[in-house]
Amino acid sequence: MTPVFTYTKGMTEVSTSYCPGCTHGIANRIIMETLDEMGKLGDAIGVGSIGCSVTAHQFMNVDMLESAHGRAPAVASGIRRAQPDKLIFTYQGDGDLASIGTAEIVHAAHRGEKFCVFFINNAIYGMTGGQMAPTTLIGQRTTTSPEGRTVEQAGRPIRISEMLATIDGAVYIERVALDSPAHVRAAKKAVRKAFAVQEQKLGFAMVEFLSTCPSNWGLSPSDSIKWLRENMIPYYPLGVFKEPEGLKND
Amino acid sequence: MAEKVLMKGNEAFAEAVIRGGCRFYFGYPITPQSEIPEFMARELKKRGGAFLQAESELGAINMTYGCAAAGGNVFISSSSPGISLMQEGMSFLCSAEVPCTILNVSRCGPGVGGIQPGQADYYQMTRGGGNGDYKIPTFAPANIQEAVDILYEAPMLADSIRNPVAVLADGMLGQMMEPVALPEQKKQYSPDEIAEYKPWALTGYNAKADKKRAVVKSLRLQPEALEEHVEKLFKKYRQLEKELVRYEAVDLDGADIVFVAFGTMSRLCKEAMEILADQGIKAGLIRPISIWPYPAEAFDKIDFGTTKVVISTELSMGQMIDDVRLAVNGRLPVRLIHRTGGMIPTSLEVVEKAKTILEESK
Ligand SMILES: Cc1ncc(C[n+]2csc(CCOP(=O)(O)OP(=O)(O)O)c2C)c(N)n1
Ligand code: SF4
Ligand SMILES: [Mg+2]
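Keep in mind it's a predicted model, so treat the numbers as computed, not measured.

Overview of the pattern of salt bridges
Move 1: Considering all chains together, one arrives at 36 salt bridges over all chains under this definition.
Move 2: Across the pair A:Glu208 and A:Arg175 runs a salt bridge, and its minimum N-O distance is 3.1 Å. Residue A:Glu208 is located in strand E6 (residues 204-210), and its partner A:Arg175 is located in strand E5 (residues 170-177); the two are separated by 33 residues in the primary sequence.
Move 3: B:Glu35 is the partner of B:Lys8 in a salt bridge, and the nearest nitrogen-oxygen pair spans 3.0 Å. Taken as a pair, B:Lys8 in strand E1 (residues 4-8) and B:Glu35 in helix H2 (residues 35-43) lie far apart in primary sequence, 27 residues in all.

Encoded structure:
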């Protein structure tokens, strides 16, 4: 009998620590499934970050390390010097990448570092209990914007994909969402493309995932999906912001 | 022994650490050590490694962490304010047991301070600055040859203890020229050899004989697990306290005064000792070479029958004096001679101050 569905070798058989309905788990899984399908699990090195995904190395079945808050792109740049031929990726939240780690991400992109960045934008600091992130939407209530974020107080939410797409060294930038099966399939294609960019040594590649945080948004998993679709996608449009010419993608 | 060549301190340090096995350097310009990144930018690529100018010292230490966790032998240098920025990362490296070699060519603080030589980073280097319980073996050479010899051994020492190893060389040593003999090139490991030489390193598990994946980590949310980990680190540190102590003890027998000084200041003390001897005052010197672990045992060699006072002599407001007091442990009065802000005393100034202190201690 041919199995129609099997567990991916890319994930360890450990239950994840993510809250029910959190889409971090989907992002973890499609990245690992992609590496598995590419036959590259044993040639990959992952860089975790600080946030709810800090324990991702327990679930992602590849060589991996934890990095300090925001520093993952610097850490990956260092790994690249010692391991010129491995597939390297970072996995970072929006507090990590878009706030404390902006210098590292901008300069890694600017140098055209040849690794993939998987950026989980859930418009909030998940791990620390729901504080405002640079990506928090106008009007969105968080524990540090209790009356809703205002432009006067905190400026407008930062659009990282659009910003990085202006940098020459960043050659592939796509924003995807994890709110529907069709979007998850598209997200997986984007992950595959990002790895293809790296394999072909074309430059820096990032996929931004719009992701949910039911626990800190104070919504049920299904309402969270709806909130993402109705509020995040209009402000953070999906699509390819940049793609290298000559990218061969099987 | 190799032939001696005249070299500027900073360039000799860089050459020594490459010959000691280092292949990677990540840095950010800062006086008085910018000759080091400049030297590395010229040399490392030719010698099978890589140089990368980081966006900041925060970037540099985290590149170091990644590269070293992936098995690279990394050297990193900076000066005082840059070292401050690196200390979050140093704590992380110690916690994750990732080795590297660190050099602080120190200047004056606090704050951006000044660019003249200083020793006010003694606390910074021996007390951490990063969070949590950790230690970094730190050596304070007094001349370029000694710095070269220490930096030559540092990369392999760091690898063997899986912890950073640091050198504190004040700006005077970095900027002066002295004749040095450079040792032979040690073996450097290629990416293919790393998996075998460092089985804990991130190489992708296919590279490992047992195909087991490696995880390099710091976070331990369970208190039991974290306590166990920190206790394990300190078992290693206690062993290093026994093995790494280094110092020079000069003329302690029959001394009236014992100076304690490291680095540049110890050279001035040696000059002062000769002048004092001409005036009939016997002065000895304890010169810590390892400042962590601190050579407390050297103080047991003081001639307590003759010595009236121990004088910590520092280019700071007095930082090492805390360790001197602990090591003397109440057996003698402990006093301070110091200048700061980049001011360097003359040996005559040290002599006059020492004589006053000796009079007051009789
Ligand atoms: C230097 C430092 N500052 C602050 C923290 C506390 N901290 C841990 S996780 C986190 C926010 C993470 O948010 P995000 O990156 O959005 O990840 P998420 O949990 O939402 O996936 C913060 C501020 C830390 N660990 N280190
Ligand atoms: S706190 Fe939010 S981001 Fe973190 S695991 Fe829970 S739902 Fe996901
Ligand atoms: Mg977040």
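Structural notes on the coordination of the magnesium ion (ligand 3)
Residues and elements named next belong to chain A.
Move 1: On the protein side, the magnesium ion (ligand 3) has Asp 94 (OD), Asn 122 (OD1) and Ile 124 (O) as donor atoms, found 2.0 to 2.2 Å from it.
Move 2: Between consecutive donors of the magnesium ion (ligand 3), the numbers of intervening residues give the motif D-x27-N-x1-I. Within this pair, whereas Asp 94 is found in helix H3 (residues 94-100), its partner Asn 122 is found in the loop between strand E4 (116-121) and helix H5 (151-154), the two being separated by 28 residues in sequence. Of the two residues, Asp 94 and Asn 122, neither departs from the other in class, the shared state being buried.

Some points on the domain arrangement of chain B
A common way to state how big an interface is: give the accessible area lost once the parts meet.
Residues and elements named next belong to chain B.
Move 1: Looking at chain B, the domain boundaries give domain 1 (4-195 + 234-239) and domain 2 (247-361).
Move 2: Spacing between the C-alpha centres of domain 1 and domain 2 amounts to 28 Å.
Move 3: Every contact between the two is made by 29 residues of domain 1 and, on the other side, 25 residues of domain 2.
Move 4: Carbon and sulfur atoms make up 56% of the surface buried where domain 1 meets domain 2, a total of about 2,300 Å² over both sides.
Move 5: Of all residues in domain 1, Gln 119, Tyr 122 and Tyr 123 give up the largest surface area on contact with domain 2, accounting jointly for 31% of the area buried on that side.

Regarding the interface of chain A and chain B
Move 1: Between chain A and chain B, the residue contacts involve 35 residues of the former and 35 residues of the latter.
Move 2: Both sides together, the interface formed by chain A and chain B hides about 2,700 Å², and carbon and sulfur atoms give 59% of it.
Move 3: Of all residues in chain A, A:Asp63, A:Glu66 and A:Arg81 give up the largest surface area on contact with chain B, accounting jointly for 22% of the area buried on that side.
Move 4: Applying the counting rule to chain A against chain B returns two salt bridges.
Move 5: A salt bridge links A:Arg71 to B:Glu88, with the nearest nitrogen and oxygen atoms 3.6 Å apart.
Move 6: Viewed at the interface, chain B and chain A are joined by 19 residue pairs in polar contact (both at pLDDT 80 or more).
Move 7: Breaking the side of chain A that touches chain B down by element, the ones donating at least two residues are strand E1 (44-47), strand E2 (63-65), helix H2 (72-82) and helix H4 (102-111) of chain A.
Move 8: In terms of residue count, H2(A) provides more of the side of chain A that touches chain B than any other element does, seven residues in total.
Move 9: Considered class by class, the residues forming the side of chain A that touches chain B number 15 nonpolar, 11 polar and nine charged.
Move 10: Judged from the two bridges that link them, E2(A) and strand E9 (residues 215-216) of chain B form a sheet pairing that is parallel. When the bridges of E9(B) are listed, A:Leu65 appears paired with B:Val216.

Section: unusual backbone geometry
Residues and elements named next belong to chain B.
Move 1: Backbone torsion omega between Thr 31 and Pro 32 reads 5 degrees, so that peptide bond is classified as cis.
Move 2: Summarising the element assignment, Pro 32 is placed in the loop between strand E2 (24-27) and H2.
Move 3: Omega for the bond connecting Trp 292 with Pro 293 falls within 30 degrees of zero, at 0 degrees, which places this linkage in the cis form.
Move 4: Position of Pro 293 relative to the elements: it lies in the loop between strand E13 (290-292) and strand E14 (309-314).
Move 5: Of note in this structure, Glu 97 is not a glycine but carries a positive phi near 55 degrees.
Move 6: With respect to the helices, strands and loops of the structure, Glu 97 is situated in the loop between helix H4 (80-96) and strand E5 (100-106).
Move 7: Phi is positive for Lys 211, which is not a glycine, with a value near 55 degrees.
Move 8: Following the sequence through the fold, Lys 211 ends up in the loop between helix H8 (191-197) and E9.

Focus: the site of ligand 1
Move 1: The full set close to ligand 1 counts 17 residues, and A:His24, A:Asp94, A:Gly95, A:Asp96 and A:Gly126 are the nearest of them.
Move 2: The residues that come close to ligand 1 belong to more than one chain, namely chains A and B.
Move 3: Contacts to ligand 1 include A:Cys52, whose backbone N or O atom sits 2.8 Å from an oxygen atom.
Move 4: Within the backbone of A:Ile124, a nitrogen or oxygen atom sits 3.1 Å from an oxygen atom of ligand 1.

Notes on a negative patch on the surface
Move 1: Side chains of B:Glu224, B:Glu227, B:Glu228 and B:Glu231 sit close together on the surface and give a patch of like negative charge.
Move 2: By the element assignment, B:Glu224 lies in helix H9 (residues 223-243).

What about the sheet that holds E4(A)?
By definition, the strands of a sheet pair up through backbone hydrogen bonds, in either a parallel or an antiparallel sense.
Move 1: Spatial strand order, E7(A)-E5(A)-E6(A)-E4(A)-E3(A)-E1(A)-E2(A)-E9(B): eight strands in an open sheet with mixed pairing. Strand pairing shows two members of the sheet lacking a second neighbour, strand E7 (239-242) of chain A together with E9 of chain B, which therefore form its edges.
Move 2: Pairing of strand E3 (residues 87-93) of chain A with E4(A) involves five bridges; the strand directions are parallel. Bridging from a neighbouring strand, A:Gly93 pairs with A:Ile120 of E4(A).
Move 3: Most of the contacts of H4(A) go to E6(A), to which it runs at about 135 degrees, and overall it touches E3, E4, E5 and E6 of chain A.
Move 4: Where helix H7 (residues 181-199) of chain A meets the sheet, it contacts E3, E4, E5, E6 and E7 of chain A, and its direction lies at approximately 165 degrees from that of E5(A).

Quick look at the sheet that holds strand E6 (residues 138-139) of chain B
Residue and element names in this part refer to chain B.
Move 1: Overall, mixed pairing links the seven strands, which are arranged E3-E2-E4-E5-E7-E6-E13 in an open sheet. The open sheet has two edge strands with one neighbour each: strand E3 (50-53) and E13.
Move 2: Bridging between E5 and strand E7 (residues 164-170) involves seven bridges; their strand directions are parallel. Counted as the bridge partner of Ile 102 is Ala 166 from E7.

Some words on the pairing of E4(A)
All names here are of chain A.
Move 1: Taking burial as the measure, the six residues of E4 include six buried ones, the bulk of the element.
Move 2: Side chains Cys 116, Phe 118 and Ile 120 of E4 all project onto a buried face; the interleaved residues Val 117, Phe 119 and Asn 121 project onto the opposite face, where all are buried too.
Move 3: Relative to E6, E4 runs parallel, the two sharing six bridges. Within the sheet, the bridge partner assigned to Asn 121 lies in E6 and is Leu 210.

Definitions and limits used
- Residues numbered from 1 in each chain as written.
- Chains lettered and ligands numbered in written order.
- Predicted model: local features only at pLDDT ≥ 70, side-chain atom pairs only at ≥ 80, totals over all residues.
- Heavy atoms only, no water.
- Salt bridge = Lys/Arg side-chain N within 4 Å of Asp/Glu carboxyl O.
- Helix = DSSP H or I, 4+ residues; strand = E, 2+ residues; numbered from the N terminus.
- Donors = N, O, S within 2.8 Å, 3.2 Å for Na, K, Ca; no water.
- Buried < 20%, exposed > 50% of the residue type's maximum accessible area, 1.4 Å probe, protein only.
- Domains from an automatic or database assignment.
- Contact = heavy atoms within 4.5 Å.
- Buried area = accessible area lost by both parts, 1.4 Å probe.
- Polar contact = N/O pair within 3.5 Å; in protein donor to acceptor, adjacent residues only side chain to side chain.
- Nonpolar A, V, L, I, M, F, W, Y, C, P; charged D, E, K, R; others polar.
- Pairing = 2+ DSSP bridges.
- Near = heavy atom within 4 Å.
- Patch = residues over 30% accessible without salt bridge, like charges linked within 9 Å, V, L, I, M, F, W, Y side chains within 5 Å.
- Areas by Shrake-Rupley, 256 points an atom, 1.4 Å probe, with all protein chains shown as cover.
- Lys, Arg positive; Asp, Glu negative; His and termini not counted.
- Charge placed at Lys NZ, Arg CZ, Asp CG, Glu CD.
- Axes fitted to C-alpha atoms, helices over the stretch in contact; angles between N-to-C directions.

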